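Architecture and fold: a report
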Amino acid sequence: MTTIPPTITWLDPPEGPAVRVIDQTRLPGELVMLDCRRIEELCEAIVSLRVRGAPAIGCAAGLGLALAAQLAEAKSGQAMLDALELARTQIAATRPTAVNLFWALDRVMEVARRAAEQGPQEIRQRVLHEAQEIVAEDLRRCQDLGRHGAELLPEEGNVLTHCNAGALACAGYGTALGVIRAAVEVGKRLHVWVDETRPLLQGARLTAWELHAEGIPCTVICDNAAASLMAQGKVDCVVVGADRIAANGDVANKIGTYGVAVLAQAHGIPFYVAAPLSTLDRATPSGAGIRIEQRGQCEITHVAGYLREPITPPRVPAYNPAFDVTPAHLVTAIITERGVLHAPYEEAIRTVWQARD
Ligand code: MRU
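Computed from a predicted structure; not experimentally measured.

**Thoughts on helix H3 (residues 77–92)**
Three- or four-residue spacings in an α-helix give side chains the same orientation, since the helix completes a turn every 3.6 residues. Here H3 is 16 residues long and its end C-alpha atoms lie 22 Å apart, about the 22 Å a rise of 1.5 Å per residue gives. Buried residues of H3: Gly77, Met80, Leu81, Leu84, Ala87, Arg88, Ile91 and Ala92, and no others. Across the axial projection of H3, the buried residues extend over an arc of 130 degrees, all falling on one side. Every exposed residue of H3 that faces more than 90 degrees away from the buried side is listed here: Leu86 and Thr89.

**Some words on unusual backbone geometry**
Pro14 follows Pro13 through a cis peptide bond whose omega is 5 degrees. In this fold, Pro14 is placed in the loop between strand E1 (8–11) and strand E2 (18–22). Geometrically, the link from Leu27 to Pro28 is a cis peptide bond, its omega value of 5 degrees lying close to zero. Mapped onto the fold, Pro28 is located in the loop between E2 and strand E3 (33–36). Even without being a glycine, Thr197 presents a positive backbone phi close to 75 degrees. Within the secondary structure, Thr197 is located in the loop between strand E5 (189–195) and helix H7 (202–213).

**Focus: the nonpolar core**
Here is a general trend for soluble globular proteins: nonpolar side chains tend to be buried in one another's company. Grouped together as the largest cluster of nonpolar side chains are 46 residues, with contacts concentrated most on Val19, Ile46, Leu65, Leu84, Ile91, Ile123 and Val127. For this core, the secondary structure elements donating two or more residues are E1, E2, helix H1 (39–47), helix H2 (54–71), H3, helix H4 (99–114) and helix H5 (120–150). With 12 residues, H2 is the largest single contributor of residues to this core. Ile221, Val251, Val260 and Ala275 belong to the second-largest nonpolar core, a separate cluster that totals 31 residues.

**Here we look at the environment of Ile292**
Its location among the elements puts Ile292 in the loop between strand E11 (280–281) and helix H10 (298–301). Remark: the alpha-carbon pair of Ile292 and Asp324, spanning 32 residues in sequence, is separated by 7.1 Å. Look past the residues within four positions of Ile292 in its chain and what remains in contact with it is Thr97, Pro321, Ala322, Phe323, Asp324 and Val325.

**A closer look at the pattern of salt bridges**
Enumeration over the complete set of coordinates arrives at 26 salt bridges. The salt bridge partner of Arg114 is Glu110, with a shortest N-O separation of 3.5 Å. Of this pair, Arg114 and Glu110 are both found in helix H4, four residues apart, which corresponds to roughly one turn of the helix. In this structure, the salt-bridge partner of Glu337 is Arg141, at a minimum N-O distance of 3.3 Å. Here Glu337, found in the loop between strand E13 (333–336) and strand E14 (339–341), pairs with Arg141, found in helix H5; they are 196 residues apart in sequence, far enough to count as distant. Residue classification places Glu337 among the buried residues on the basis of a relative accessible area of 10%. Assessed through its relative accessible area of 18%, Arg141 is described here as buried. Through salt bridges that share partners, Arg107, Glu130, Glu137, Arg141 and Glu337 make up one connected network.

**A short note on the domain arrangement of the protein chain**
Segmenting the protein chain into domains produces domain 1 (8–143) and domain 2 (147–354). On a C-alpha basis, the centroid separation for the pair domain 1 and domain 2 is 25 Å. Contact between domain 1 and domain 2 buries roughly 2,700 Å² in total, counting both sides, with carbon and sulfur atoms accounting for 57%. Run the count over domain 1 and domain 2 and you get two salt bridges. Here Arg95 makes a salt bridge to Glu293, at a shortest N to O gap of 2.8 Å. On the surface where domain 1 and domain 2 come into contact, there are 17 residue pairs in polar contact (both at pLDDT 80 or more). Mapped by element, the contributors of at least two residues to the side of domain 1 that touches domain 2 are H2, H4 and H5. Residue contributions to the side of domain 1 that touches domain 2 peak at six residues, all from H5.

About the thresholds
- Residues numbered from 1 in each chain as written.
- Predicted model: local features only at pLDDT ≥ 70, side-chain atom pairs only at ≥ 80, totals over all residues.
- Heavy atoms only, no water.
- Helix = DSSP H or I, 4+ residues; strand = E, 2+ residues; numbered from the N terminus.
- Expected span 1.5 Å × (residues − 1).
- Buried < 20%, exposed > 50% of the residue type's maximum accessible area, 1.4 Å probe, protein only.
- Arc of directions from axis to C-beta.
- Core = buried A, V, L, I, M, F, W, Y, C linked by side-chain atoms within 4.5 Å.
- Contact = heavy atoms within 4.5 Å.
- Salt bridge = Lys/Arg side-chain N within 4 Å of Asp/Glu carboxyl O.
- Domains from an automatic or database assignment.
- Buried area = accessible area lost by both parts, 1.4 Å probe.
- Polar contact = N/O pair within 3.5 Å; in protein donor to acceptor, adjacent residues only side chain to side chain.

If you want it as C-alpha cells, here you go:
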C-alpha cells in the first residue's frame with residue numbers, strides 16, 4: 001500500500017525556508033513533492049491546483065504568510081506588516097471561492113498585527129507558529145469530523161463522492177473521505193463510487209488514488225453515470241466536501257455537486273456535506289453571494305488540460321465555472337468537527353459558530 005505523505009509541510013533551513021506540497025497535478029502517475037521558496041511559486045501552485053481543496057489551500061495561505069515573513073528583510077514591525085500585507089494581497093488573488101484561504105490569511109494577519117510592537121523577529125516567530133497551528137488543527141478537525149460522520153453511514157453499502165475531499169485536499173485524513181475512512185476504521189464495509197469530476201478529474205486521479213492506497217474498495221464512474229446507479233438502488237448515500245458554506249447552509253463545492261444533490265433528492269438518498277468550521281462563511285448570507293471561480297476554457301477543450309489536441313472544434317467557446325452552489329434544502333446534514341448539523345441551518349450554524357473554541 002502507498003503511504004500518503006503530508007499534503008503540506010513547512011521546511012526550516014537548511015532545506016528551507018519553504019512550503020513543501022504534494023504536486024497534485026502529477027498524480028496518479030507520480031508522487032512528486034514541490035518546494036515553494038517564493039510567494040510567487042506558492043501562488044502559482046494554488047492557481048494551477050498543485051495544492052488544492054479548501055482546507056489545504058487555507059493551510060497553504062497560512063504557511064505562505066510565514067514564508068513571506070521569513071523572506072522579508074524588514075527592520076521594524078511596521079515594515080514587516082507591510083511585507084505581509086503585500087503577500088496577503090498576492091495570495092488572496094489566487095482563488096476566490098474557498099473561504100478557508102481568506103480565513104487563514106485573516107487569522108495569521110491578526111496574530112502579526114498583535115505582535116507589531118515587538119518587532120520583526122517576534123512577528124516572524126508568531127506568524128510561523130500560527131500557520132503551523134492551522135495545519136495541525138486541520139488534521140485534528142478532519143479526524144473529529146470523520147468520527148461524527150461515520151455514524152451516519154450504513155454498516156454496509158455504497159457511498160458516492162464527487163471531486164476530492166480527501167487527505168490531499170486537507171492537511172491530511174480528509175473531510176468527505178475522512179468520514180468514509182473513519183467508517184471503514186470502525187469496521188463498516190463500504191464501497192465508494194468515485195465521480196471522475198470533469199474537467200480536471202480530481203475524482204478519477206486523486207480520490208481513486210487515495211482510496212486505492214488505503215485499500216478502500218472504489219470504482220470510478222463518469223459523472224453522468226450517477227443517475228442510473230441511483231435509479232438501480234446502487235447508491236446508499238452521498239458524501240461531499242465544501243469550499244464555502246453560507247450562513248443559511250447553501251454549499252459551494254466542485255462543479256457538478258449541485259446535480260448530484262438534485263439526483264440524490266429525486267431518489268430519496270441522503271446527501272451529506274462534510275466540512276470543518278473554517279469552511280463556514282457567516283458573513284455571506286446565502287449562496288447567491290458566493291463568488292464562483294471561472295477557469296480557463298482549455299481545461300474543457302483539452303481533456304484534463306493534458307491532451308495536446310483539443311477535443312472541440314476550433315473557436316467554439318467553453319464555459320468553465322469551477323464550482324456550483326447546492327441550496328441548503330437539498331442537504332440532509334452538514335458534518336463538522338463539532339458534530340452533525342441539521343436544518344434549519346441558519347440556526348444550527350449560528351449555534352455551532354458561537355460555541356467554537
Ligand atoms: O478546484 P478544487 O480541486 O480545489 O476543488 C476542491 C473541491 O471542490 C473540494 O470538494 C472542496 O474543496 C472540499 S476539500 C475538503
